[in-house]
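# Residue-level structural notes
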Amino acid sequence: MTSQARLEPNSTAALLPEPFVRWFAERGWSPRAHQLDLLASAQQGNSVLLIAPTGAGKTLAGFLPALTDLAIRPKKRPGEAQRGVHTLYISPLKALAVDIERNLGKPVTEIGLPITMETRTGDTPAHKRTRQKLSPPEILLTTPEQLALLIASSDAERFFSDLRYIVLDELHSLVTSKRGHLLSLGLARLRAFVPGLQAIGLSATVAQPDELRRWLVNQNPAGDMADLITVTGGAKPEITILDSEEHVPWSGHSARYAIPDVYEAIRKHRTTLLFVNTRSQAELLFQELWRVNDDSLPIALHHGSLDVGQRRRVEKAMADNALRAVVATSTLDLGIDWGDVDLVIHVGAPKGASRLAQRIGRANHRMDEPSRAILVPANRFEVLECRAALEANYLGAQDTPPLIEGALDVLAQHVLGCACGAPFRADDLFDEVRGAAPYAALDRDTFDRVVDFVATGGYALRSYERYARIRLTKDGTWRVSNPRITQQYRLNVGTIIEAPMLNVRFTRAKGKSGAGSAQSLALRGGPVLGKIEEYFVETLSIGEMFIFAGKVLRFEGIRENECYVSSGGGGNVLVPSYAGGKFPLSTYLAEQVRGMLADPKRWKALPEQVSDWLRMQQMKSILPKRGDLLIETFPRGERHYMVVYPFEGRLAHQTLGMLLTRRLERAGARPLGFVATDYSLAIWALGDLGAMFRARKPSLAELFDEDMLGDDLEAWLADSWLLKRTFRNCAVISGLIEKRFPGQEKSGRQVTVSADLIYDVLRSHEPDHILLKATRADAASGLLDVRRLAEMLSRVRGRIVHKMLDQISPLAVPVMLEIGREPVNGEANDTLLLEAADLIEEAMGRA
Amino acid sequence: MNIAARDLVRDGCEAIAIAGVRAVCDQRGALHFPELDLLVVSDLHLEKGSSFARRGRLIPPYDTAATLLRLASVVEDYAPKTIVSLGDSFHDGEGAARLPDPFRDSLIGMMKGRDWFWVAGNHDPDAPDDLPGETVQELAVGGLVFRHEPSKGHAEGEVAGHLHPCARIVQRGRSVRRRCFAGDGARLVMPAFGSFTGSLNVLDRAYKGMFRDGAPTAYMIGTSRVYAIAGSLLRPG
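## A few points about the pairing of strand β10 (residues 299-302) of chain A
All names here are of chain A. Burial along β10 is two-sided: Ile299 and Leu301 and Ala300 and His302, pointing in opposite directions, are all buried. Examined bridge by bridge, β10 and strand β11 (residues 325-328) share 4 bridges and lie parallel to one another. Each residue of the ladder has a partner; that of His302, found in β11, is Ala328. Following the backbone out of β10, through helix α13 (residues 308-319) and into the adjacent parallel β11, one traces a crossover that is right-handed.

Shown next as structure tokens:
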């Protein structure tokens, strides 16, 4: 619980102007302690981080310094120059900026403050943007991308000359991405314009608040921190794990078994928010709920791929309390105002304790009442994970990921942006950039290479000097060489690279079934249902059914950037799988799950069928001790299997699988494939893996030696599609190639230059290029999770336990069931071509 | 090189016929006619990197080197009497003038002792600066005609480029897209040889009406060999 009004604080008492005191009093309210504390810190000239749960009045607290300062600021005298922006508010979402304008507008009007407040997002019309430049509002609500654009304009310094505060909302979610890197650089630039600038960060609870405190203030010299105000409390949520009579499945993510229980819970509550981890799960759950929805309860679907119009309608219905349940993927996909949620159901394991806390926080906006939440594990390992998350929640444990070093592709974008704004000196910009927390450890050599990259591409073959985008001039400053460069920069600003998406457009006409060509389509367009990943659509044949936007749709073909669909019927229905959105299991929860496995005393808290399962494992094989790595080997069919249980998340396991199969191949074990889950990894081979490990040819210690992260990783990475995808993003963000905009015709492909080709050429000619360096750093922390794999390998050294079995163990069942369901590896390769070619040879009777 | 060896189809290559003339689709993206002792490459797009760089896109300056290296290996393997570069040999009209000297020398080296034809393309309509070889609009040899842009409708015996064909198949739910030679036995569209060249699916409407059965057979270029894929298996996109 927060204590209410505390108007007698110490010497640092906040000065709340009279109109504010009256406003609070008239409503029978008093300012909350954290609101006054924040104001006091700000009035002393400090930057502040406010950590508070939802519903704590965070927004008003964040704006109080700005509002009070503006209230007492003398009016502009006639003839005085136009003032610049006073307060900048940055949010990760356009919708949030719009919402704040609405919510903050009310107190501003009621208090009678003569304050101008406007939003500026990608949707703001050009004439309004121009007007904002000439006559800026006192409070500007905007996004990180718009800030980058403002900084890159030639009048930036004047525009920001009166800036006093920058308010950063949802800071915890911004700082973990490249968007956060770009924002940190923007903040550093603003500090260069206005040295006294104060930053106010608003955040949910995080594991390392000091990281955010440093993030808010200049880190050159390093070490300074913003003041910290933490609002603890809010009532403890009541969380339970669904205890179903039904059989909890061994594997899978659909949680179909729990649908009747989930539906029953929805019926018993006013409004239920159902969270899932991926959009595919959202679509499936929505379908399943409607299948049993005998009462026709208004249940809606909400995820980031749906058409904006439809999302807004769902949000509005939610705010009007017209819905009984919404199936959603992430808190950030949602707008802000949703009425009276009295139950959160989390389907599937939450993957992280902090994520669970943030999602549950969405229920019940009044922080004094407890939120109710039900966790619905989709399989047996998830039961353990849910249990661990629940215990973590009661302990208040946090497992937000540590911040990573600033990305170099983002830095390249920023350097060009700075040059577009005004000429810069490399020494000054280097000092400035090091003030941004993610770049505090940047060395001069790397910085110079980035500047060189921006100028001429940074190639050893220095053939592009005459085409330089920025040039070092006689006065020692770098300048943009050509106004066209500025235009290009403006089109490419930002760090969000989406997988190419196609509009899903509804049509009545039906195409011919089979792998038809687009030419036969004579389709008339209906409404757009949303957007879907191109690579999924490309695997469909005309006539195939898939689920999207809560409907079963029949694929009718692709025309330009649109995927045409009609209403589908029964038959085999596919669910699109989406890139991203699959969070790996957090290190903290993994540790807890290992602990739970190792300690039979804790099994009492588990449903009986799950504890039975663990007891069976104890009898038939072994359960590893907390710090041990268990490896089981057993024969099955014509093959030999090894199952490894690191509990380090799917990404790290996939990387481990790739590397182990390479090593096993060299050892002559003839591995055939592998499949990874969040908990374990199974590899199968023709050779007798168990016998080989027992004969120490190779020994498991050798096989799991940390040196696999050296040459093997390098060699595998070289050809990996994962790295190519990462490179493409780096190439776009750094400005090497253009963003592909929606609506750009496919037939443009032959004139553009593909990132994959550039990657191949660069790798063979200049493997040390700065962009390849950026790519490797990205892949290591992102798609490959190399850091986590490295930690695991060093943790289990000398602690590998090998168990040879005659048959599959109970613990191995979940991962074994994934075989055949998951692609064996992500590469689309020549084997597929060979199969297709063989088909013809068969048909043609040619050998 | 002896005749018998020349008759052998190299590993990973695919033997075809165009209007009755035997040809070999080489995995590196070149087409060889053993009877005519003639090698064809199309859409080299040399100096594409520097062409982009002029407009502020500083893509790596190594494309010309990579393309010429591959070309040299093909030329060495087949040692043909005649070489046809089927248009868009340079990415833009000034490409040949920008060509760095070492590359010019290597190109001239390849041309030595052979007949070399530059077929005019839309990117490079004029003869390249300071390079030997004969520039032609099109070239007719032994019942075949070589031109840059494929003609509309059926064209028996035509070998063309320009479109940068690629093809896509889906097997076991996964999609593979590769550049390809596209042919129907009567005519052939060559893949682009240049190392930075993009590609266009053979089912795109740009190819409409060109092939006898609608979709051509795609000779898709894999990492170590060429795969002949029937038109009925191809997917758009």
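Having seen it, we continue.
## Looking at the packing of helix α2 (residues 33-43) of chain A against helix α3 (residues 58-72) of chain A
Residue and element names in this part refer to chain A. The N-to-C vectors of α2 and α3 enclose an angle of 45°; their axes lie 9 Å apart at closest approach. With respect to α3, the element α2 is oriented oblique. Here α2 runs over α3; the crossing is right-handed. Counting all contacts with α2, which are made through His34, Gln35, Leu38, Leu39, Ala42 and Gln43, the residues of α3 involved are Leu60, Ala61, Leu64, Pro65 and Thr68.

## A closer look at the confidence of the model for chain B
Residue and element names in this part refer to chain B. For chain B, the mean per-residue pLDDT works out to 91, and 95% of the residues sit at or above 70. Confidence scores differ between elements of chain B, with helix α1 (residues 3-7) showing the lowest mean pLDDT of 44 and strand β4 (residues 38-41) the highest of 98. Scored below 50 in pLDDT, residues 1-6 shows 3 contacts in the model against residues more than four places distant or in partner chains. Scored by ipTM, the complex comes to 0.85, with pTM at 0.84.

## Section: the sheet that holds strand β2 (residues 87-90) of chain A
All names here are of chain A. As summarised here, the arrangement of the 7 strands in space is β3-β4-β2-β5-β6-β1-β7, forming an open sheet in which the pairing is parallel. Either end of the sheet is taken by a strand with one partner, and the two such strands are β3 (117-120) and β7 (227-230). Neighbouring strand axes in the sheet, compared pairwise and without regard to direction, differ in orientation by 15° on average. Where β2 lies against strand β4 (residues 139-142), 4 bridges are found, and the strand directions are parallel. In the strand pairing of β4, Leu88 is matched with Leu140. Packed on one face of the sheet, helix α10 (residues 209-216) meets β1 (48-51), β6 (198-203) and β7 and runs near 145° to β1.

## Looking at the sheet that holds strand β6 (residues 115-119) of chain B
All names here are of chain B. Pairing in this open sheet of 7 strands is mixed, and the strands run β1-β2-β3-β4-β5-β6-β7 from one edge to the other. At either margin of the open sheet sits one strand with a lone partner, and together these are β1 (14-18) and β7 (134-136). For this sheet, the mean angle separating the axes of adjacent strands, direction not counted, is 25°. Pairing of β1 with strand β2 (residues 21-25), which is carried by 5 bridges, proceeds in the antiparallel orientation. Bridge pairing in β2 links Ala17 to Arg22.

Cut-offs used in this document
Residues numbered from 1 in each chain as written. Chains lettered and ligands numbered in written order. Predicted model: local features only at pLDDT ≥ 70, side-chain atom pairs only at ≥ 80, totals over all residues. Buried ≥ 20, exposed ≤ 12 C-beta atoms within 10 Å, placed from the backbone. Helix = DSSP H or I, 4+ residues; strand = E, 2+ residues; numbered from the N terminus. Pairing = 2+ DSSP bridges. Right-handed = clockwise from strand over helix to strand, strands pointing away. Axes fitted to C-alpha atoms, helices over the stretch in contact; angles between N-to-C directions. Parallel < 35°, antiparallel > 145°, perpendicular 65-115°, else oblique. Left-handed = near helix turned anticlockwise from the far one by under 90°. Contact = placed C-beta atoms within 7 Å. pLDDT = per-residue confidence, 0-100.

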